[in-house]
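Residues per chain, in single letters:
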Amino acid sequence: MTILFQRPHESTSFLKNFCYRFIGVPHVGTRLRGRAVFALFPRTKKQLKILEIGCGSAYFSYELQKRGHSVTSLDSLTGISRQDLNSIKTIFSKGGQTFQFIEGTATRLPFPKNSFDAIFIIDVIEHIQEENKVMQEIHRVLKPGGFFIASTPALGFHRGRFKRFFRYLHQHTFFRRLPFWDTIQLYPETHMKSEGHVREYSLEKWRALCKKHHFSLEDYTYEYKFFGAFFVELYHTFSFVDRYGNYLFFLFYPWTFLDAFLPIRGTGIAICAKKC
């Protein structure tokens, strides 16, 4: 089984580098998104030219380069800084990879048409008001027959699968007096605002959006079904879980593999669509 997001750590810490290189990035949400996205990624021996829109910490760019693909990473630098870019370059260099970064936005991609075989846009489009412009730009820069993979919050992500119980505890029991609540992420409206999300996506919405912009939705999968949802919502609800998340990862993450056997929708969705 391939372990996702194995890469060096930017620090010189032996323990952190050992963990990141052999176990992978110890973050439950990132690993769950990665499992969903790469389950949709077509198996090919051909080297693909890939664009990652909104690369952030470039986990997906690094993983794709490890698999032999040529990757360009694009970000608007609203969620990461120039200093973060230097750390990412260090990580890529330590891993024998090259971080090919271009500053830009999803609504105005700085590339000519028919430039890429594939595009990754992971947890990005839900932040952008002009989703139609993003889809037009993806279509423009993809080669004929190219595909894109997207991951977004699904319906109910901000409301949560288990947060109703957590909200009850916060509102109606003595636990509300304890100083461990993240009340911003506990409640749907403030959680959505804090993340900068403007919408959630259903499978039906993705089908309609793809059809409108001349894509064929080829495949999809859900993230955060039961165990995944429970653990991610613990991170969102309790500040101490978020604070010690890297350590709790080893306790939580193995349980999330059981979600594969559950025939239920999740609160996150990933899709793969092909340019018509």
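As shown above, the structure is provided for reference.
> I'm lost on the layout of surface pockets in this one. Help?
A water-sized probe, rolled over the atoms, reveals where empty space remains. Size it by volume and the largest pocket reaches roughly 1300 Å³. Considering the residues around the largest pocket, the lining is formed by 46 residues, among which Arg33, Ile122, Asp123, His127 and Glu195 are closest to the centre. With four residues, helix α2 (residues 28-40) is the single largest residue contributor to the lining of the largest pocket. Taken together, the residues that form the lining of the largest pocket break down as 18 nonpolar, 20 polar and eight charged.

> Looking at this structure, how should I read helix α5 (residues 131-141)?
At 3.6 residues per turn, the α-helix brings residues three or four places apart onto the same side. For α5, the complete set of buried residues consists of Glu131, Val134, Met135, Glu137, Ile138 and Val141. All buried residues of α5 fall inside an arc of 160 degrees around its axis, so they share one side. Against β1 (49-53), β4 (116-122), β5 (142-153), α9 (203-212) and β6 (215-223) lie the buried residues of α5.

> Please explain the nonpolar core as it appears in this structure.
For soluble globular proteins, the rule of thumb is that nonpolar side chains tend to be buried together. Residues Ile53, Ile119, Ile121, Ile138, Phe148, Trp206 and Ile271 are the most contacted members of the largest nonpolar core, which totals 31 residues. Of all the secondary-structure elements, those providing two or more residues to this core are β1, β4, α5, β5, α9, β6 and β7 (268-275). Apart from the residues within four sequence positions on either side, Ile138 is in contact with Ile53, Leu109, Ile119, Ile121, Phe148 and Phe215. If you look at the next biggest cluster of nonpolar residues, it comprises 22 residues, including Leu4, Phe60, Ala118 and Phe147.

> Please explain helix α12 (residues 245-252) as it appears in this structure.
Every buried residue of α12 is listed here: Gly245, Phe249 and Phe252. Down the axis of α12, the buried set is contained in an arc of 80 degrees. They therefore lie on one face. Away from its buried face, by an angle of more than 90 degrees, α12 presents the exposed residues Tyr247 and Leu251.

> Just checking my understanding: could you explain the pattern of salt bridges for this structure?
Between side chains of opposite charge, pairing is possible as soon as their charged atoms come close. Applying the stated rule across the entire model yields nine salt bridges. Put simply, Glu103 and Arg82 hold a salt bridge, and the shortest N to O gap is 2.7 Å. In this pair, Glu103 is assigned in strand β3 (residues 101-103) and Arg82 in helix α4 (residues 82-94), connecting sequence segments 21 residues apart. The salt bridge partner of Arg199 is Glu131, with a shortest N-O separation of 3.4 Å. Within this pair, whereas Arg199 is found in the loop between α8 (188-195) and α9, its partner Glu131 is found in helix α5, the two being separated by 68 residues in sequence. A single burial state applies to Arg199 and to Glu131, both of which are buried. A cluster of three or more residues bridged by salt bridges with shared partners is formed by Glu63, Lys66 and Arg67.

Conventions and cut-offs
- Residues numbered from 1 in each chain as written.
- Predicted model: local features only at pLDDT ≥ 70, side-chain atom pairs only at ≥ 80, totals over all residues.
- Heavy atoms only, no water.
- 1 Å grid on protein atoms, 1.4 Å probe; cavity = no way out; pocket = protein on both sides within 12 Å on 5 of 7 lines; lining within 4 Å.
- Points joined across faces, edges and corners; volume = space filled by probe spheres on them.
- Helix = DSSP H or I, 4+ residues; strand = E, 2+ residues; numbered from the N terminus.
- Nonpolar A, V, L, I, M, F, W, Y, C, P; charged D, E, K, R; others polar.
- Buried < 20%, exposed > 50% of the residue type's maximum accessible area, 1.4 Å probe, protein only.
- Arc of directions from axis to C-beta.
- Contact = heavy atoms within 4.5 Å.
- Core = buried A, V, L, I, M, F, W, Y, C linked by side-chain atoms within 4.5 Å.
- Salt bridge = Lys/Arg side-chain N within 4 Å of Asp/Glu carboxyl O.

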